[in-house]
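# Commentary on secondary and tertiary structure
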Amino acid sequence: QVQLVESGGGSVQAGGSLRLSCAASGRALSTYAVGWFRQAPGKERELVAAISWSGELSPYADSVMGRFTISRDNAKNMVYLQMNSLKPEDTAVYYCAASFTLVRGAHEYDYWGQGTQVTVSS
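The shown structure was predicted, so the numbers you read here are calculated from the model rather than taken from an experiment. Here the residue numbers are simple positions, counted from 1 along each chain's written sequence. Local features in this predicted model are restricted to residues whose pLDDT is 70 or higher, and side-chain atom pairs enter the listing and the counts only when it is 80 or higher, whereas totals over whole chains, interfaces and linings include all residues. Only hydrogens and water are removed before side-chain values are computed, so all heavy atoms of the structure are retained for them.

Another point: the nonpolar core. By convention a nonpolar core is built from buried Ala, Val, Leu, Ile, Met, Phe, Trp, Tyr and Cys residues, the set being connected through side-chain atoms within 4.5 Å. With a 1.4 Å probe rolled over the protein chains alone, any residue whose accessible area is under 20% of its type maximum counts as buried; one over 50% counts as exposed, and the rest are partly exposed. Residues L4, W36, L81, M83 and Y94 are the most contacted members of the largest nonpolar core, which totals 30 residues. Helix and strand assignments come from DSSP, with helices taken as H or I runs of at least 4 residues and strands as E runs of at least 2, each series counted from the N terminus. Of all the secondary structure elements, the ones that give two or more residues to this core are β1 (2-7), β3 (18-26), β4 (33-39), β5 (46-51), β7 (68-73), β8 (78-83), β9 (92-99) and β11 (116-121).

Okay, structure coming up:
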């Protein structure tokens with residue numbers, strides 16, 4: 001059992017950067033794989049990036065490849081999503097989620113944070 005809280009969202013202009021953080025409480029986050037998802041209005045929730053407890057990576061979404069980086073710091077019980085060269089189409093609510101194995105489907109994740117809004121303007 002783990003509780004997740006996202007932070008770091010906000011409003012930025014196109015081309016800017018944000019770093020999202022996912023903080024865990026309860027059990028150590030190091031025992032879980034973690035995924036970052038996003039959901040824009042009227043769109044399906046989609047996987048952005050995912051990382052296993054041991055640091056193995058799931059492929060990044062094509063739309064963010066080369067711009068976003070997922071990382072984790074197990075000593076701090078944190079997972080991060082560094083977002084660079086932001087585009088208006090990146091606007092969405094971003095969620096972190098945890099599972100016991102590295103998976104790609106939203107329905108395969110067991111624990112979810114509350115989400116943090118990212119808005120990118122032109």
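When DSSP finds two or more bridges between a pair of strands, those strands are recorded as paired. A sheet is described by the order of its strands in space; here 4 strands give the open sequence β1-β3-β8-β7, paired in antiparallel fashion. The open sheet terminates on both sides in strands that have one partner only, identified here as β1 and β7. With direction set aside, neighbouring strand axes in the sheet form an average angle of 20°. Pairing between β3 and β8: 6 bridges, direction antiparallel. Counted as the bridge partner of C22 is V79 from β8. Axis lines are fitted through C-alpha atoms, for helices just across the contact stretch, and the angle between N-to-C directions can take any value from 0 to 180 degrees.

The residue R72 is located in strand β7 in this model. One buried charged residue, R72, forms no salt bridge at all, with the nearest opposite charge on D73 at 8.4 Å. Between N or O atoms, a polar contact is any pair within 3.5 Å; within protein, one atom must be a potential hydrogen donor and the other a potential acceptor, and residues adjacent in sequence are included only when both atoms are from side chains. A polar contact of 2.7 Å, which involves the side chain of R72, links it to the backbone oxygen of S52. Polar contacts involving the side chain of R72 include one to the side chain of N74, which spans 2.9 Å. Positive: Lys, Arg. Negative: Asp, Glu. His and the chain ends are not part of the count. Salt bridge criterion: a side-chain nitrogen from Lys or Arg within 4 Å of a carboxyl oxygen from Asp or Glu.

This part covers the environment of S52. Tracing the sequence through the fold places S52 in the loop between β5 and β6 (57-58). Assessed through its relative accessible area of 6%, S52 is described here as buried. In sequence terms S52 and S11 are 41 residues apart; their C-alpha atoms lie 29 Å from each other. Not counting residues up to four positions away in its chain, the partners in contact with S52 are Y32, A33, R72 and L102. Here, residues are in contact when the closest pair of their heavy atoms is within 4.5 Å.

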